[in-house]
Amino acid sequence: MQSSDSLKITYAKNLDKYNFNLPVNIPVDSNINIKKILDIDSYIFDDRIECGNSKAVYTGKVGVKVLYVDTDNVTGTLTYDQSFSETILDPSITSDCFITNVNTSIQNNIISFDGTIKLNLEITISNMLYLNMPMNANCNQFENMIVKKSEINTYSISDYINTSFEYTANMECKDNLTKILSYNAYFTPTNVQSENGYAVVEGKIYSSLTYETSSDDDTQMLELTDIQNIKQEINFDKLDKDCVLDLTFNLDKSRENITSEIEDGKCEITITHTIKVRGVCLNSISIDVIDDIYSVDNDVDVTLNTREYNKSVQCMNFADDISSEVKLDASEPAIDEIICNSNIRAEITNHYIKDECVYFEGIVTSDLIYIDENKEKSCKTVEVPFVINSKIKMEKLDCAHHSITITDCKVRAKRGTIIEVQYSLCINFCVFVTDRKSMVDNITIGKPIEYGDIDYQIFLAKPGESVWDLCKRIRIHPDDISKYNKDLPLVMNGGEKVIIKR
């Protein structure tokens, strides 16, 4: 989205969730014989959306990481990426609008892994659409007109933000690390503020590494986790201090970001996190609207157009913890040792406003990798539904988008058959409350008119003016006033609308 010097009001709306399936065939080397797939992690990167003519074309790449055990009981990892292109149809999409992807969820379905790993990825994306609508901003030149001016706060787009920043984290492993099997990471913004020329982003990066150790012919699979607090400045010269930042953050999960160095029996691991920033900065503006029409001594022709606008915008976040117990099926062997809880993903399935609170319903899904009582490596999908809420003072929620990330995870086996899980969630959401107003498009002033030329007129009462005073001022009988104004007080506060038919 390019910046514009002309005054435009911006309307934001949620598009319906879009789902598509992506078949993925991962080639496997002939010397690898897979016994069991323990974990699959997939993510979207290098994605972009082009808009126009009632459709949007969504393109990008899907990266896939597969953690497996072969027939020799050796653990390994395969990585693969595949391009995609999908078309989203919606009549509100025009060449003047743009779309930003605010949330993505992927369900990995294994079809087979005999020679080639065949997957069916069920991808769901939630998008926010921004519409630009031009309006006339030159009404202020008319001093004596029938428009009662009223300022409403709306928002204009300064520019579309598409940038990235890097943050390096160092982790230390005291075990005899032989191989990094899988890597997963999340970024959760906790505070985003705009300044003149730059934005300040604060948040947490959660990293998880699954790795192998070996000693005395014994191979183990372990997990290393880390949480880093970050504070980053993003340079952007068109930002104003008081503008609202509506941003989304995507973290690159490529294995190429990881380097390791072994010295004196210790392994130093360095992860360079690349975080992509997308969204808009919204500046508050004022526009003229028709609040009331009353008679003056000029014939005035006003062209109106009723439009929607963003009356209020709020970007906020909040954190909460959820916990649950998941029981193994009777046919599943008990858990002997938990290796890691990986591929953690969260999805919001519904949101609504109730009693000045915004409620979020959703589900957290993860893949628990463990060794069972038969000394076999196993993987179980753990699902935890949740309902959490945050206080928000708004009468109605016309449009909102949100993203959810995991900042921490704790898991343990209870009596070997019950899995206790606890997740720390952080939800970032942007709320748009919209309204409709009749806005001035054009005003034409003509010749002076007489009262007799008008069938109906609307007069505004003056403060403290009685009905009799009003009758003398506009030269009309009191019965003609009471005929069309049943609830008019004898003495008026000022501003009451008095309808007259001549």
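Within each chain, residue numbers correspond to sequence positions counted from 1 in written order. Local features in this predicted model are restricted to residues of pLDDT 70 or higher, and side-chain atom pairs are both shown and tallied only at a pLDDT of 80 or more, whereas totals for entire chains, interfaces and linings draw on every residue. Values shown for side chains rest on all heavy atoms present in the structure; no hydrogens or waters enter the calculation.

1. Some remarks on the overall build of the protein
Inference 1: Helices and strands together make up the secondary structure of the protein, namely two helices and 22 strands.
Inference 2: Whether two residues touch is decided by their heavy atoms; if any such pair falls within 4.5 Å, the residues are in contact. Within the protein, counting contacts between residues at least 6 apart in sequence, those at least 24 apart form 77% of the total. Note on conventions: DSSP H or I runs of at least 4 residues are helices, E runs of at least 2 residues are strands, and numbering of each starts at the N terminus.

2. Thoughts on the packing of aromatic side chains
Inference 1: Stacked, tilted and edge-to-face are the three classes applied to pairs of Phe, Tyr and Trp rings, where Trp contributes its six-membered ring and a pair requires centres within 6.5 Å; stacked means planes under 30 degrees apart, edge-to-face means over 60, and tilted covers the rest. In total, this model carries 14 aromatic pairs according to the counting rule given.
Inference 2: Centre to centre, the rings of Phe98 and Tyr160 are 4.9 Å apart; their planes meet at 50°, and the pair counts as tilted. Highlighted residues: Phe98 in strand 6 (residues 98-114) and Tyr160 in strand 8 (residues 151-173), separated in sequence by 62 residues.
Inference 3: Burial classes follow relative accessibility: with a 1.4 Å probe on protein chains only, a residue under 20% of its type's maximum area counts as buried, one over 50% as exposed, and anything between as partly exposed. Taking the relative accessible area as the measure of exposure, Phe98 reaches 7% and is therefore buried.
Inference 4: Pairing Phe187 with Phe249 gives two aromatic rings, centres 5.4 Å apart and planes at 70°, and the pair type is edge-to-face. Here Phe187 is found in strand 9 (residues 177-195), whereas its partner Phe249 is found in strand 12 (residues 244-251), with 62 residues between them in sequence.
Inference 5: Relative accessible area serves as the criterion here: at 16%, Phe249 is assigned to the buried category.
Inference 6: A network of ring pairs unites the aromatic residues Tyr18, Phe20, Tyr58 and Phe84 as a single cluster.

3. Regarding the side chain of Thr124
Inference 1: Among the structural elements, Thr124 can be located in strand 7 (residues 116-134).
Inference 2: Taking relative accessible area as the criterion, Thr124 reaches 15% and is therefore assigned buried.
Inference 3: Of the polar contacts made by the side chain of Thr124, one reaches the side chain of Asn19; its length is 2.6 Å.
Inference 4: Leave out the neighbours within four places in its chain, and Thr124 touches Lys17, Tyr18, Asn19, Asn103, Thr104 and Ser105. Definition of a polar contact: a pair of N or O atoms within 3.5 Å, with one able to donate and the other able to accept a hydrogen when the atoms are protein atoms, and with sequence-neighbouring residues admitted only if both atoms are side-chain atoms.

4. Describing the pairing of strand 3 (residues 34-52)
Inference 1: Pairs of strands are assigned from DSSP output, requiring at least two bridges between the strands. Pairing analysis gives 15 bridges linking strand 3 to strand 4 (residues 55-70), with the strands arranged antiparallel. Opposite Asp39, over in strand 4, you have Leu67 as the bridge partner.
Inference 2: Taking the residues between adjacent antiparallel strands as the criterion, strand 3 and strand 4 are bridged by two residues, where Asn53 takes a positive phi near 55°.

5. Topic: the nonpolar core
Inference 1: Within this scheme, the nonpolar core is defined by two criteria: the residues are buried Ala, Val, Leu, Ile, Met, Phe, Trp, Tyr or Cys, and they are joined through side-chain atoms within 4.5 Å. By size, the foremost hydrophobic cluster in this structure holds 33 residues, and its most contacted members are Ile117, Leu121 and Ile123.
Inference 2: Of all the elements, strand 7 adds the most residues to this core, at seven residues.
Inference 3: If near-sequence neighbours (up to four positions away) are discounted, Ile123 is found in contact with Tyr18, Asn19, Phe20, Leu22, Ile44, Val62, Thr104, Ser105 and Ile106.
Inference 4: Core analysis: the next-biggest nonpolar cluster, separate from the first, contains 32 residues, Phe318, Ile388, Ile406 and Tyr423 among them.

6. Quick word on a nonpolar patch on the surface
Inference 1: A patch consists of residues whose relative accessible area exceeds 30% and which take part in no salt bridge; residues with like charges are grouped when within 9 Å of each other, and nonpolar side chains (Val, Leu, Ile, Met, Phe, Trp, Tyr) when within 5 Å. Accessibility throughout is a Shrake-Rupley quantity obtained with a 1.4 Å probe, and a residue counts as covered only by protein chains that appear here. Any carboxyl oxygen of Asp or Glu within 4 Å of a side-chain nitrogen of Lys or Arg constitutes a salt bridge here. Together, Ile458, Tyr484 and Ile499 make up an exposed nonpolar region whose accessible area comes to about 210 Å².
Inference 2: Here Ile499 is to be found in strand 22 (residues 497-501).
Inference 3: The class of Ile499 is partly exposed, set by a relative accessible area of 34%.

7. Some points on the pattern of salt bridges
Inference 1: Scanning all chains against the criterion turns up 13 salt bridges.
Inference 2: Asp46 serves as the salt-bridge partner of Lys276, at 3.2 Å between the closest nitrogen and oxygen. Residue Lys276 is located in strand 14 (residues 266-288), and its partner Asp46 is located in strand 3; the two are separated by 230 residues in the primary sequence.
Inference 3: Since its relative accessible area comes to 47%, Asp46 is described here as partly exposed.
Inference 4: Because the salt bridges share partners, they merge into one network encompassing Glu325, Arg412, Lys414 and Glu420.

8. Details of the sheet that holds strand 4
Inference 1: The antiparallel open sheet is built from three strands, whose spatial order is 3-4-5. The outermost strands of the open sheet, each flanked by one partner alone, are strand 3 and strand 5 (75-89). Averaged over all pairs of adjacent strands, the angle between strand axes in this sheet comes to 15°, irrespective of strand direction.
Inference 2: With 15 bridges connecting them, strand 4 and strand 5 associate as antiparallel partners. Only C-alpha atoms enter the line fits that serve as axes; for helices the fit covers just the stretch in contact. Angles between N-to-C directions range over 0 to 180 degrees.

9. Focus on a negative patch on the surface
Inference 1: A residue counts as positive if it is Lys or Arg and as negative if it is Asp or Glu; His and the chain ends are not included. Taken as the charge location is NZ of Lys, CZ of Arg, CG of Asp or CD of Glu. A cluster of like negative charges, contributed by Glu172, Glu261, Glu263 and Glu268, occupies part of the molecular surface.
Inference 2: By the secondary structure assignment, Glu261 is in strand 13 (residues 258-263).

10. A look at the pairing of strand 16 (residues 335-354)
Inference 1: Sheet topology note: the strand 16/strand 17 (residues 357-372) ladder contains 15 bridges and is antiparallel. Bridging from a neighbouring strand, Glu347 pairs with Ile363 of strand 17.

11. Notes on the sheet that holds strand 17
Inference 1: Across the sheet, three strands lie side by side as 16-17-18; this open sheet has antiparallel pairing. Among the strands making up the open sheet, the edge pair consists of strand 16 and strand 18 (377-391). Direction aside, the axes of adjacent strands within the sheet are offset by 15° on average.
Inference 2: Here 15 bridges tie strand 17 to strand 18, and the two strands are oriented antiparallel to one another. Bridging from a neighbouring strand, Leu368 pairs with Lys380 of strand 18.

12. Topic: helix 1 (residues 467-474)
Inference 1: For helix 1, the complete set of buried residues consists of Val467, Leu470, Cys471 and Ile474. The buried residues of helix 1 all sit within an arc of 105° when viewed along its axis, so they share a single face. Along helix 1, the residues that are exposed and aim more than 90 degrees away from the buried face are Trp468 and Lys472.
Inference 2: Looking one or two residues past helix 1, Arg475 carries a phi angle of roughly 55°, positive in sign. By construction, the arc corresponds to the directions joining the helix axis to the C-beta atoms.

13. Let's talk about the confidence of the model for the protein
Inference 1: What pLDDT conveys is the predictor's confidence in a given residue, as a value from 0 to 100. Here the protein shows a mean pLDDT of 81. Residues at 70 or above account for 85%.
Inference 2: The least confident element of the protein is strand 21 (residues 456-460), whose mean pLDDT is 74; the most confident is strand 2 (residues 18-27), at 94.
Inference 3: A low-confidence stretch, residues 136-147 stays under pLDDT 50, and its non-local contacts, those more than four residues away or across chains, total 29 contacts.
Inference 4: Long-range and interchain partners of residues 448-454, a stretch whose pLDDT sits below 50, account for 12 contacts in this model, where long-range means more than four residues apart.

14. Points about unusual backbone geometry
Inference 1: Although it is not a glycine, Asp46 adopts a positive phi angle of roughly 50°.
Inference 2: Even without being glycine, Lys375 reaches a positive phi, approximately 65°.
Inference 3: With respect to the helices and strands, Lys375 occurs in the loop between strand 17 and strand 18.

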